[in-house]
Amino acid sequence: MAGLPPDPLANPISPMEPVPAAAVPSGGDWAFQVKWDGVRMLAFCRGGQVRLQNRRLRDRTPAYPDLTAALSAAVRSEAILDGEVVVLQGSRPSFPRVMERESAVAPATATALAARLPALFMAFDILYADGMDLTGRPF
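The numbering scheme is per chain: residues are counted from 1 as the chain's sequence reads. It should be noted that, the model being predicted, local features are given only for residues of pLDDT at least 70 and side-chain atom pairs only at 80 or more, the latter also being counted only at that level, while totals for whole chains, interfaces and linings use all residues. The side-chain numbers reported here are obtained from all heavy atoms of the structure, hydrogens and water having been left aside.

J.: Could you give me a rundown of the environment of L113, with the residues and numbers involved?
T.: Structurally, the position occupied by L113 is in helix α3 (residues 107-116). Residues L113 and A63, spaced 50 residues apart in sequence, show a C-alpha to C-alpha distance of 8.8 Å. Beyond its immediate chain neighbours, meaning those up to four positions away, L113 contacts E100, R101, A104 and P118. A run of H or I in DSSP counts as a helix once it spans at least four residues, and a run of E counts as a strand once it spans at least two, with each numbered from the N terminus. Contacts are assigned to residue pairs that have any heavy atoms within 4.5 Å of one another.

Printed below as a string of structure tokens:
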């Protein structure tokens with residue numbers, strides 16, 4: 001990423017994409033993310049407001065009222081978080097369950113699904129915080 005736009009919280013940016021195992025570098029300078037079997041998402045947080053955006057740059061905020069409430073309470077600063085939305089079945093992530101959450105279009109459906117299939121946001125990275133682009137900084 002060559003730098004963030006003037007208002008990074010208002011403009012879509014793409015989350016990191018997975019790469020094939022053969023293309024993964026090795027050595028002590030690299031870290032790897034757990035595959036949570038969920039949906040990759042960016043969370044744009046500012047002043048108690050949260051917008052969730054998927055890797056296709058679509059606003060997914062209405063589908064996850066439980067996540068927006070939780071992130072709004074947890075992240076008080078201005079930030080962009082890169083992570084994955086996960087729905088658990090017991091103690092394991094369930095891709096079919098997160099896909100069921102992804103299908104929510106109507107607010108009433110999203111609220112009902114949030115009560116039955118609560119979602120978690122597994123944050124991988126902080127891309128931006130309180131006016132600072134963190135994408136060029138070490139892990």
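J.: Talk me through the packing of aromatic side chains; I want residue IDs and the actual numbers.
T.: Ring geometry is summarised as follows: Phe, Tyr and Trp rings, the Trp one being its six-membered ring, pair when their centres sit within 6.5 Å, and such pairs are stacked at plane angles under 30 degrees, edge-to-face over 60 and tilted between the two. Tallying each qualifying case throughout the model produces zero aromatic pairs. Note on criteria: charge over ring means Lys NZ or Arg CZ within 6 Å of the ring centre, with the direction from the centre no more than 35 degrees off the ring normal. Across from the ring centre of F44, 4.0 Å away, lies the NZ or CZ of R51, which sits over that ring.

J.: Before we move on, can you summarise the pattern of salt bridges with the specific residues and values?
T.: Salt bridges are defined by distance alone: a side-chain nitrogen of Lys or Arg within 4 Å of a carboxyl oxygen of Asp or Glu. A complete count under the given rule lists five salt bridges for this structure. Taking the shortest distance from any N to any O, the salt bridge between R46 and E78 comes out at 2.8 Å. Taken together, the residues span a long stretch of sequence, with R46 in strand β1 (residues 39-46) and E78 in the loop between α1 (65-74) and β3 (79-89) at a distance of 32 residues. In this scheme, a residue with accessible area under 20% of its type's maximum is buried, one over 50% is exposed, and one in between is partly exposed, where area comes from a 1.4 Å probe on protein chains only. Using a relative accessible area of 37% as the deciding quantity, one classes R46 as partly exposed.

J.: Just give me the short version of unusual backbone geometry, but keep the residues and values in it.
T.: If you check the backbone angles, L57 has positive phi at about 70° while not being a glycine. Turning to its location among the elements, L57 is positioned in the loop between β2 (49-54) and α1. Using a relative accessible area of 41% as the deciding quantity, one classes L57 as partly exposed.

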